[in-house]
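# Structure assessment
If you want the building blocks of each chain, they are given just below.
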Amino acid sequence: MKNLTRYNGWALITGASSGIGEAFARQIAAQGIDCILIALESDATKLEALAAELAAQHGIACLPLTQDLAAPDAVEKTLAAIGDRPVGLLINNAGFGVGGAFATRPPSKIEQLLHVHCRTPLLLTRALLPGMIARRAGAVVFVSSLIGATPTPFEATYSACKAFILNLGQALWGELRGSGVDVVTIYPGATRTRFFEVEGIGEKDRRRLLRLAASPDYVARLALRNLGRKPVVAPPQAWAGAMLARFVTRRFAIRMTQCLVRLLVHYR
Ligand SMILES: NC(=O)c1ccc[n+]([C@@H]2O[C@H](COP(=O)([O-])OP(=O)(O)OC[C@H]3O[C@@H](n4cnc5c(N)ncnc54)[C@H](OP(=O)(O)O)[C@@H]3O)[C@@H](O)[C@H]2O)c1
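Residues numbered from 1 in each chain as written. Predicted model: local features only at pLDDT ≥ 70, side-chain atom pairs only at ≥ 80, totals over all residues. Heavy atoms only, no water.

Another point: the overall build of the protein. Along the backbone of the protein there are 11 helices and 7 strands. The C-alpha radius of gyration computed for the protein amounts to 18 Å, which stays within 12% of the reference 18 Å derived for 268 residues, consistent with globular compactness. With the C-alpha coordinates of the protein rotated into their principal frame, the extents come out at 50 × 40 × 30 Å. Expressed as a percentage of its 268 residues, the buried residues of the protein come to 51%. Residue pairs at least 24 apart in sequence account for 73% of intrachain contacts in the protein once pairs closer than 6 positions are excluded. Put simply, the protein shows about 12600 Å² of open surface, and 57% of that area lies on carbon and sulfur atoms. (Helix = DSSP H or I, 4+ residues; strand = E, 2+ residues; numbered from the N terminus. Rg over C-alpha atoms; globule rule 2.2 N^0.38 Å. Buried < 20%, exposed > 50% of the residue type's maximum accessible area, 1.4 Å probe, protein only. Contact = heavy atoms within 4.5 Å. Areas by Shrake-Rupley, 256 points an atom, 1.4 Å probe, with all protein chains shown as cover.)

Here is the structure:
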């Protein structure tokens, strides 16, 4: 595993209470790095238990922060809670899905998704980057999705938001080269977390979707290993899917993803 201590300061991990975020938190904490863990208010107990476990296991300071990252003042509140702790490693990971026909999705849910996946990581990164640049040490990880690399009907908002993150991360990788700040964007395919359950996808569909899924541990390790090396990475099955979509017409790629979604998922 890459040595992450050279990024100095604290690690801030959003969506750290489960899945890929929890895997990031465990791997970063194992290197003796102090962590700030953020998740939604509903999981306060789980987040606190994880923070206490990591602090005891690795002798680090670990601050659990319950914060709704969809709230308009999420960034201000997060920055206030961080206080003067220098953040050297930012993991923009929190997220959820809102699959189904776009015209039937609740506008409030669409807005929350836009905030959690785009607005909050954009502004949080903007707020924390100057400190990293001044110290000439830092790293930012963006978690996109295969669905961001391939336009996906019935996942229109999620697909568009993840495409935003995919471009943002890669543009910043270029902009920050030579600054001492490493940026990597990962676009996982299906990953074994409770993501699809939270999205409201039934058990039978989930089992089908997760048949070839990667483990959250692998996804986090792949991203951390490639910090400072590649602008964008993906587990093999996601990479193959994105490559395949590149070599066919857009029309065909969209039809293909539409058929796959129809075949695999029955949205509630
Ligand atoms: N699983 C997949 O197949 C897959 C594939 C590609 C990309 N991704 C991306 O990977 C990232 C992590 O997802 P996951 O699969 O690990 O799902 P997960 O297990 O459901 O974890 C999602 C995390 O995000 C947090 N979160 C959600 N909404 C939030 C909000 N409004 N404010 C603060 N925290 C919030 C959750 O907090 P609570 O526990 O408090 O709700 C949880 O910690 C997401 O960005 C997702 O889009 C997942």
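Picking up after the structure, the text goes on.
With that settled, the discussion passes to the site of the ligand. What surrounds the ligand is a group of 33 residues, the closest being Ser17, Ser18, Asn93, Tyr158 and Thr193. Take Ser18: an N or O atom from its side chain is 2.7 Å from an oxygen atom of the ligand. In the model, an oxygen atom of the ligand is placed 2.7 Å from a nitrogen or oxygen of the Asn93 main chain. At the level of elements, α1 (19–29), α4 (107–135), α6 (156–175) and α7 (195–199) are the ones that each hand at least two residues to the shell around the ligand. The residue inventory of the shell around the ligand, partitioned by class, reads 15 nonpolar, 14 polar and 4 charged. (Near = heavy atom within 4 Å. Polar contact = N/O pair within 3.5 Å; in protein donor to acceptor, adjacent residues only side chain to side chain. Nonpolar A, V, L, I, M, F, W, Y, C, P; charged D, E, K, R; others polar.)

What follows deals with the packing of aromatic side chains. Overall, the coordinates contain 2 aromatic pairs when judged by the stated rule. Plain terms: the ring middles of Tyr158 and Phe195 are 5.6 Å apart, the flat faces sit at 50° to each other, and that makes the pair tilted. Here Tyr158, found in helix α6, pairs with Phe195, found in helix α7; they are 37 residues apart in sequence, far enough to count as distant. For the pair Phe195 and Phe196, a centre-to-centre distance of 5.4 Å together with 90° between the ring planes defines the contact as edge-to-face. Taking relative accessible area as the criterion, Phe196 reaches 14% and is therefore assigned buried. Chaining the aromatic ring pairs together yields one cluster made of Tyr158, Phe195 and Phe196. One Lys or Arg, Arg85, reaches over the ring of Trp10 and ends 5.3 Å from the middle of that ring. (Phe/Tyr/Trp six-rings, centres within 6.5 Å; stacked < 30°, edge-to-face > 60°. Lys NZ or Arg CZ within 6 Å of the ring centre and 35° of its normal.)

By secondary structure assignment, the location of Gln67 is in the loop between β3 (62–66) and α3 (74–82). Residue classification places Gln67 among the buried residues on the basis of a relative accessible area of 10%. Once you skip the residues sitting within four places of it in the chain, Gln67 turns out to touch Ile38, Ala39, Leu40, Ala74, Lys77 and Thr78.

Attention shifts here to the sheet that holds strand β4 (residues 87–92). The pairing of strands in a sheet comes from backbone hydrogen bonds and takes either a parallel or an antiparallel form. In spatial order, the strands read β3-β2-β1-β4-β5-β6-β7; together these 7 strands make up an open sheet with parallel pairing. In the strand order of this sheet, the two ends are held by β3 and β7 (232–233), each with one partner. Two strands pair when backbone bridges link them, and strand β2 (residues 35–39) and β3 are joined in this way by 5 bridges, in the parallel orientation. By the bridge assignment for β3, Ala39 is matched with Thr66. Sitting on the sheet, α3 touches β1 (10–14), β2, β3 and β4, and the angle it makes with β3 is about 155°. Along the sheet, α6 makes contact with β5 (138–143), β6 (181–186) and β7, crossing β6 at roughly 150°. (Pairing = 2+ DSSP bridges. Axes fitted to C-alpha atoms, helices over the stretch in contact; angles between N-to-C directions.)

Another point: the packing of α4 against α6. In contact at an axis separation of 9 Å, α4 and α6 are set at 10° when each is read in the N-to-C sense. Between α4 and α6, the angle is such that the two are roughly parallel. Residues Ile110, Leu113, Leu114, His117, Cys118, Pro121, Leu122 and Thr125 of α4 touch α6, and the partners they reach there are Thr157, Tyr158, Cys161, Lys162, Phe164, Ile165, Leu168 and Leu172. Tallied by class, residues from the contact of α4 with α6 come to 12 nonpolar, 3 polar and 1 charged. (Parallel < 35°, antiparallel > 145°, perpendicular 65-115°, else oblique.)

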